[in-house]
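For reference, the chains in residue letters:
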2 protein chains.
Amino acid sequence: MRILYHLPLSPYSRKVRLALGEKRIPFDLRSERIWERREAYLAMNPACTVPVLTEDNGLAIADSAAICEYLDEAYPEVTLIGRTLAERAEVRRLACWFDGKFSTEVTRLLVYERHLKSLMGRGNPDAAAIRAGYQNLKPHMEYLGWLAESRAWLAGPNLSLADLAAAAQLSVLDYIGDVDWSVNEAAREWYARVKSRPAFRPLLTDRVSGLTPPPHYADLDF
Amino acid sequence: MRILYHLPLSPYSRKVRLALGEKRIPFDLRSERIWERREAYLAMNPACTVPVLTEDNGLAIADSAAICEYLDEAYPEVTLIGRTLAERAEVRRLACWFDGKFSTEVTRLLVYERHLKSLMGRGNPDAAAIRAGYQNLKPHMEYLGWLAESRAWLAGPNLSLADLAAAAQLSVLDYIGDVDWSVNEAAREWYARVKSRPAFRPLLTDRVSGLTPPPHYADLDF
Ligand SMILES: N[C@@H](CCC(=O)N[C@@H](CS)C(=O)NCC(=O)O)C(=O)O
Ligand SMILES: N[C@@H](CCC(=O)N[C@@H](CS)C(=O)NCC(=O)O)C(=O)O
């Protein structure tokens, strides 16, 4: 069976889970304790990050962007990258925006400081980093709201990898209670639509031991 | 005419210049002072990073990964991503490795601390960051050498985006004199091969005012 090696609060793993779900591709989910640096895992992905996808034919694919491009090429029926060159350019620009810019400016700061640091016994959260993360989240929510208002989905008329990349980052922040959805109605409405898709359901039932999400996390009508 | 907005020491711009060169696609190069946040530029790329590629038909593409995927789709004669699904997965894994991991662990630390910081008047270089950058470069050179030894090119039998992404990062470090090529013979031999390609020539004649590269920078026989 196809296997996705993942961690429940990894946004890149979540993006791939959503892509597999939207394409209705069945897969088994396996937690990988990357910090143990398992030899067989390193052989598949020397960067030792999650996610990694393995296919029954032995193909192992590392890096969430590489996995999503692969999925769109190997299972093209439902495209998540778009049809025309212009659509595809816009989807990829935004997917890179959320995977890269949003993650660096917001998710890494908040999730690392408020969750991973204590988990890994690396001392107390850095208040300045947390402040910066919250500060950076504001313009990102505005941009998200602006995109959601100007288009049916973030990159254009159809749901795409851009929506999945954005929702993956935000769902992790939402799990740790860091998103105030009242600040932008268009962003909230967009997230409600993504959240109600069948592919999103498994993410809403994920639980990390010792970390309880706020009540609205799994609520479709938040 | 097709225009690439770039900066001479931007590794992501260099990667796209190499891709255009390998595909023999003509283009004009334009320096973009991203720190001035030009309105027409922000409209094409709200992240306000280089590179951005514009086509004569009005299409503007932001993000170097999105540009390279676009180029392989729009001008498929010379492929830089590979033919089979397995080849394409490996090329993309490695391109993401150099664009992401290598850049974060090495290029950003060294180029920012040793060059950009003084340029932007942000004070003295941080010795600890520079030390970390040099330290991280070692295992990366080993991995590069190992790939170069096991395969004709980094991702397999053919030159690919993986080679261009790696060479783009290394050429910027080489310009500021930060690569000791004597530490790994296979890596040096691979770089000599990339460097001697016609697509590489324009990068070797680039000069940034106030910053002279070491004599070996433009030497094909270093
Ligand atoms: N570019 C990679 C990044 C993956 C990544 O950074 N994953 C995180 C979890 S969200 C991880 O495994 N971090 C562990 C590490 O960096 O050592 C991708 O898109 O898959
Ligand atoms: N993901 C983008 C990153 C581009 C990027 O970070 N470019 C740098 C120069 S190498 C830049 O413009 N930095 C300015 C900034 O981040 O404000 C890409 O691949 O094009």
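Residues numbered from 1 in each chain as written. Chains lettered and ligands numbered in written order. Predicted model: local features only at pLDDT ≥ 70, side-chain atom pairs only at ≥ 80, totals over all residues. Heavy atoms only, no water.

- Going by what an unreviewed UniProt entry lists, chain A is known as Glutathione S-transferase family protein and is assigned to Plastoroseomonas arctica.
- Under Subunit (unreviewed entry), UniProt gives the following word-for-word description of chain A: "Homodimer." (UniProt positions renumbered as here; feature names shortened; annotations may be inferred.)

## Re the site of ligand 1
Residues and elements named next belong to chain A.
Part 1 of the argument: Within the structure, ligand 1 sits among Ser10, Pro11, Tyr12, Ile34, Thr49, Val50, Pro51, Asp63 and Ser64.
Part 2 of the argument: Side-chain polar atom of aspartate 63 to a nitrogen atom of ligand 1: 2.8 Å apart, as the coordinates give it.
Part 3 of the argument: Expressed as a share of its isolated accessible area of 510 Å², the protein-covered part of ligand 1 is 65%.
Part 4 of the argument: Of the residues belonging to the shell around ligand 1, the class tally is five nonpolar, three polar and one charged. (Near = heavy atom within 4 Å. Polar contact = N/O pair within 3.5 Å; in protein donor to acceptor, adjacent residues only side chain to side chain. Areas by Shrake-Rupley, 256 points an atom, 1.4 Å probe, with all protein chains shown as cover. Nonpolar A, V, L, I, M, F, W, Y, C, P; charged D, E, K, R; others polar.)

## Thoughts on the packing of aromatic side chains
Part 1 of the argument: For the structure shown, the criterion picks out 22 aromatic pairs over all chains.
Part 2 of the argument: Centre to centre, the rings of Trp190(B) and Tyr191(B) are 6.0 Å apart; their planes meet at 45 degrees, and the pair counts as tilted.
Part 3 of the argument: Classification of Trp190(B) by relative accessible area gives buried; the value is 0%.
Part 4 of the argument: Between Arg188(A) and the ring centre of Phe222(A), over which it is positioned, the NZ or CZ distance is 5.4 Å. (Phe/Tyr/Trp six-rings, centres within 6.5 Å; stacked < 30°, edge-to-face > 60°. Buried < 20%, exposed > 50% of the residue type's maximum accessible area, 1.4 Å probe, protein only. Lys NZ or Arg CZ within 6 Å of the ring centre and 35° of its normal.)

## Some points on the domain arrangement of chain A
All names here are of chain A.
Part 1 of the argument: In terms of domain boundaries, chain A breaks down into domain 1 (3-74) and domain 2 (85-218).
Part 2 of the argument: For domain 1 and domain 2, the distance between their C-alpha centroids amounts to 20 Å.
Part 3 of the argument: Between domain 1 and domain 2, the residue contacts involve 16 residues of the former and 26 residues of the latter.
Part 4 of the argument: Taken over both partners, the interface formed by domain 1 and domain 2 buries close to 1800 Å², and the fraction arising from carbon and sulfur atoms is 63%.
Part 5 of the argument: Taken together, domain 1 and domain 2 are joined by five salt bridges.
Part 6 of the argument: For arginine 92, the salt bridge is made with glutamate 69, and the minimal N-O distance between the two is 2.8 Å.
Part 7 of the argument: At the boundary of domain 1 with domain 2, the tally comes to nine residue pairs in polar contact (both at pLDDT 80 or more).
Part 8 of the argument: Listed by contribution, the elements that provide at least two residues to the side of domain 1 that touches domain 2 are helix H1 (11-22) and helix H3 (64-74).
Part 9 of the argument: Counting residues per element, the side of domain 1 that touches domain 2 draws most heavily on H1, at nine residues.
Part 10 of the argument: Grouping the constituent residues of the side of domain 1 that touches domain 2 by class yields seven nonpolar, three polar and six charged. (Domains from an automatic or database assignment. Contact = heavy atoms within 4.5 Å. Buried area = accessible area lost by both parts, 1.4 Å probe. Salt bridge = Lys/Arg side-chain N within 4 Å of Asp/Glu carboxyl O. Helix = DSSP H or I, 4+ residues; strand = E, 2+ residues; numbered from the N terminus.)

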